[in-house]
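Each chain, letter by letter, is given below.
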Amino acid sequence: MKLFVVTATNLRDGAIRWLGAGNAWQASFANAQPFDAAGIGPALAFGAAEILAQRVIGVYQVEVRRTADGLDPLSTRERIRAFGPTVHPAFSYAATSRLGA
Amino acid sequence: MANTRIVIDRTGAVIANAWTTLAADEALPSAGPVIVPLARLLAETDGVLALPGGVGVLVACDEALEQIVPLLPNLALVAVAFPKFRDGRGFTQIRALRDQFGWHGEIRAVGDALPDQFLSLVRLGVSTVELGEGEDPESWSGVLALRGGLDSRPAAEQPLPLLRRLAAPFAA
Amino acid sequence: MDTATQIRTPSAAAEAGIYHYDALDHAFITRRVEAFREQVQRRLSGALTEDAFKPLRLMNGLYLQLHAYMLRVAIPYGMLSAIQMRKLAHVARKYDRDYGHFTTRQNIQFNWIKLEQAPDILAELAEVDIHAIQTSGNCIRNVSTDQFAGAAADELVDPRVYAEILRQWSTDHPEFLFLPRKFKIAIIGSPQDRAAIKLHDIGILTQRNDAGEPGFTIYVGGGLGRTPVIGVKIRDWLPVGDLLRYMEAVLRVYNAAGRRDNIYKARLKILVRETGAARFAELVEQEFANLSGDRFHLPDEVVSAIQARFGSPDFADLPQVSPAYQKALAENADFARWVSTNTHPHRVPGYISAVISLKPIGGIPGDASSAQIDRIADLAERYSFGELRIAHEQNVVLAHVRQDALFALWQELEAPGIATANIGLITDIIACPGLDYCDLANARSIPVAQSISERFGDLARQHDIGALHVNISGCINACAHHHVGHIGILGVDKHGDEAYQITIGGAADENAALGQLLGAAVSAEQVPDVIEGVIRVYLALRLPGELFIDSFRRVGLAPFKREFRHGQH
């Protein structure tokens, strides 16, 4: 069964967001809500409404898989987007959230 | 077909608009002022030019202006189409009409041009712009207010650097 | 002279060879910032959709990248004053993550920008006459030139005044802001092409005729990406007075006839190829003839007036040879080694150009921290009349250093980590940001650059290998110009994994050539070994003193291909 999460970019500050439980945008990939093929449609529709509300841009779905530690994007590009530039570990979400950035 | 679109002049002011645009399959009206697509003008030249009340031509951005140059003295308006704001060919057509062909009649930009393109249109010599459905004329005049301050001195008197001299609008 | 046209640069930067704005120049960019601020407000309120806003933000240098908005600030033809450099450091500290990235088109990029702060950033940059106008979008981009322009010993004509004229002509040009695709111009003034003019949409070679008058040879239709093409010459001699008129003619033909049906076929190079070079040249000449009157004529007095706006270093009257400098060379082997790669001969006796390497071993090519940027500004002020240049190889040039001060300068480079003696060597790698940062990439480029740099980090070894240009692009858009690297590396997506295709024998200079494919794509881990194999072949068959590229031209691809295949088993 394919699993997806929904992601977007904050319009104002360009920060990456993940759709979490209760249709709340989350800063960390770890809090992204997984959807199956049936659930992804309404989730993307919510994202489209958020675009019209000028909160986010660039809403799309990312295919993920379950691992022992949680969800993991399938593609290298989406892993880098979720976990930060590999050449600047200090700029990953986990690192910058500790800095309050 | 009556034209319900708003038309503004080079200053962004709304003007009265009596022009209608002939649809592709529509018969010629009995009188103008009417804007006729280029293909129709070429196919029915005598009929079109005989219309009382004024005649204009609608040029698509991939149509060669050379085709209508001999007819320009008989036209009151050339409408230059912007099918999508990203397609900048209309800018070259406007400039060619003013600069290369030396025409001083009304040039009207129609289609999908953005308010933020207004300054470019004016500098190239456009006379009027037909706004899109539901567009607010203030978003156009606002752009001029913000970005304008077009140096109004004639080109010859403008000081260096070069930028100001080249920024002088083509005479409309 | 009315106050509007008085030069307004603080005297501290007066000598720096940048173009000094007057009040009207300055008003232009500040008005532009306020217009952009208004556009951002309309975007945030929803009055502007993203579709309508996108070309506007691109024309002010603001991209949406993989992690955040990225701002690409223009450094016109690579020239900066120390004051401007310090403002870049300030922006990095205040609005970004304390660093900037110098690009392959002589610009700087900030990777972690917030849209809502972008107008404030541009306002601060405008205070020192810096902008981000037309660093993106389907318009004429930053005109690039030789990093040693105005200083190089082999220079025939200083091209910077013409680069500035082209900048003014192309900025906000009403007709050419919505071209089929981006448009890049490069101009040089020496026989050695240090700006890769044959790989630009328009490449301009400035020369002198027999009467000693300056003029131009024009190349068009060069470019890399999916369809790499070396530009063709369409005009042998263009007098200075006709420069802008000719540029108008080329751009007009392109704007009217360039393809708009397919973004991968929309560059000028495709139009030139599909039209045929001779026919394209004819179309340009026709358009040139159609242009009316004197509007685009470029009189000598305008050129002189703009030239006068450039600061001019007050060179001391020095002997050709500096005993102190010669002594330092003789006594300090490390200094001598640094000089052998990191300097360039200067046209003024007793002076020399110095290149500050932003390629530390194992580092990110072209990145500089705000502290390093500040330090480099400081060095420019004390050693080079407050003037800096950004090379398209992503290094910084102090163009006018006294030979007798060079040793002292070198000694100051060590502490901030910018003393690497590797210019033009295998670790002076040109790399794009790649998949770590770029939305367009297929693979990462920076880690590959780092691994090659670490593998070949030993300076003695690098110097023995000699000049070897390595270019790494993370995708076919070729922002790192991999097609014209002596060794070119292209990141591809191979069934969802990152893989790298390697070419050799490319060249970006006056003998421009496209590299040839070594073999099938390899993994990132294998890349350094493949490079080792290429070097092994070169060292085994090179003639005494023969550079890599010359060996390649002599022996061809076959020996290198054999080694590659051998290494893959």
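Just above sits the structure.
What you are looking at is a predicted structure, and each value in this text was computed from that prediction instead of being measured.

Caption draft 1: The arrangement of the overall build of chain A in detail. For chain A, the helix and strand inventory stands at 3 helices and 5 strands. Tracing chain A from N to C terminus, the helices and strands come up as β-β-β-α-β-β-α-α. Against the compact-globule benchmark of 13 Å for 101 residues, chain A has a radius of gyration of 13 Å, which places it among compact chains. A principal-axis box enclosing the C-alpha atoms of chain A has dimensions of 35 × 35 × 20 Å. Taken across its 101 residues, chain A has 34% of its residues classed as buried.

Caption draft 2: Examining the pairing of strand S18 (residues 487-494) of chain C more closely. Residues and elements named next belong to chain C. In the sheet, strand S17 (residues 470-473) pairs with S18 via 4 bridges, with the strands oriented parallel. Residue Ile 472 lies in a different strand from S18, and its bridge partner there is Ile 489. In the sheet, S18 pairs with strand S19 (residues 497-504) via 8 bridges, with the strands oriented antiparallel. Following the sheet pairing, Ile 487 is matched in S19 by Ile 504. Connecting S18 to the next strand, S19, in antiparallel fashion are 2 residues, including His 495 with a positive phi near 55°.

Caption draft 3: Quick look at the interface of chain C and chain A. Contact residues are listed per partner, giving 23 residues for chain C and 19 residues for chain A. At the level of elements, helix H1 (23-45) and helix H14 (446-455) of chain C are the ones that each hand at least two residues to the side of chain C that touches chain A. Partitioned by chemical class, the residues of the side of chain C that touches chain A number 12 nonpolar, 4 polar and 7 charged.

Caption draft 4: A look at the nonpolar core. Val57(B), Ala79(B), Leu71(C), Met85(C), Val250(C) and Ile376(C) are the most contacted members of the largest nonpolar core, which has 246 residues in total. Among the elements that line this core, the one with the most residues is helix H6 (residues 243-257) of chain C, at 10 residues. The contacts of Val57(B), once residues within four sequence positions are left out, are Ile35(B), Val36(B), Leu38(B), Leu41(B), Ile68(B), Leu75(B), Val78(B) and Ala79(B).

Caption draft 5: Seen up close, the packing of H6(C) against helix H8 (residues 277-290) of chain C. Residues and elements named next belong to chain C. Closest axis-to-axis distance for the H6/H8 pair is 8 Å, and the angle between their directions is 120°. Looking at the two axes, H6 sits oblique to H8. The interaxial crossing formed by H6 with H8 has right-handed handedness. The segment H6 lies against H8, with Arg 245, Tyr 246, Ala 249, Val 250, Arg 252 and Val 253 engaging Leu 283, Val 284, Glu 287 and Phe 288. Broken down by class, the residue content of the contact of H6 with H8 amounts to 7 nonpolar, no polar and 3 charged.

Caption draft 6: Structural detail: the sheet that holds strand S11 (residues 343-345) of chain C. Residues and elements named next belong to chain C. The 5 strands are arranged S3-S14-S15-S12-S11 in an open sheet whose pairing can be described as antiparallel. Strands at the two margins of the open sheet, each flanked by one partner only, are strand S3 (79-81) and S11. Each adjacent strand pair in this sheet contributes to an overall mean axis angle of 30°, direction not counted. In this sheet, strand S15 (residues 396-402) lies alongside strand S14 (residues 387-390) in antiparallel orientation, the contact comprising 2 bridges. From the neighbouring strand, Ile 390 faces S15, where its bridge partner is Val 396. Of the strands in this sheet, strand S12 (351-356), S14 and S15 are in contact with helix H12 (residues 370-383), which crosses S15 at around 25°.

Caption draft 7: Representation of the environment of Leu41(B). Residues and elements named next belong to chain B. Within the secondary structure layout, Leu 41 lies in helix H1 (residues 38-43). Looking at Leu 41, the number of C-beta atoms within 10 Å reads 24, which means it is buried. Distance from Leu 41 to Thr 20, taken between C-alpha atoms, is 15 Å for residues 21 residues apart in sequence. Those residues in contact with Leu 41, other than ones at most four positions away along the chain, are Val 36, Val 48, Val 57, Ile 68 and Leu 71.

Caption draft 8: Focus on the sheet that holds strand S2 (residues 16-19) of chain A. Residue and element names in this part refer to chain A. Strand order in the open sheet formed by 5 strands is S3-S2-S1-S4-S5, with antiparallel pairing between adjacent strands. Of all strands in the sheet, those bounded by a partner on one side alone are strand S3 (25-26) and strand S5 (70-73). With 4 bridges connecting them, strand S4 (residues 56-67) and S5 associate as antiparallel partners. Bridging across to S5, Arg 66 finds its partner in Leu 71.

Caption draft 9: The arrangement of helix H13 (residues 403-413) of chain C in detail. Listing the buried residues of H13(C) in full gives Gln403(C), Asp404(C), Leu406(C), Trp410(C) and Leu413(C). Packed against the buried residues of H13(C) are helix H10 (323-331), helix H11 (333-342), S12 and S15 of chain C.

Cut-offs and rules
- Residues numbered from 1 in each chain as written.
- Chains lettered and ligands numbered in written order.
- Predicted model: local features only at pLDDT ≥ 70, side-chain atom pairs only at ≥ 80, totals over all residues.
- Helix = DSSP H or I, 4+ residues; strand = E, 2+ residues; numbered from the N terminus.
- Rg over C-alpha atoms; globule rule 2.2 N^0.38 Å.
- Buried ≥ 20, exposed ≤ 12 C-beta atoms within 10 Å, placed from the backbone.
- Pairing = 2+ DSSP bridges.
- Contact = placed C-beta atoms within 7 Å.
- Nonpolar A, V, L, I, M, F, W, Y, C, P; charged D, E, K, R; others polar.
- Core = buried A, V, L, I, M, F, W, Y, C linked by C-beta atoms within 7 Å.
- Axes fitted to C-alpha atoms, helices over the stretch in contact; angles between N-to-C directions.
- Parallel < 35°, antiparallel > 145°, perpendicular 65-115°, else oblique.
- Left-handed = near helix turned anticlockwise from the far one by under 90°.

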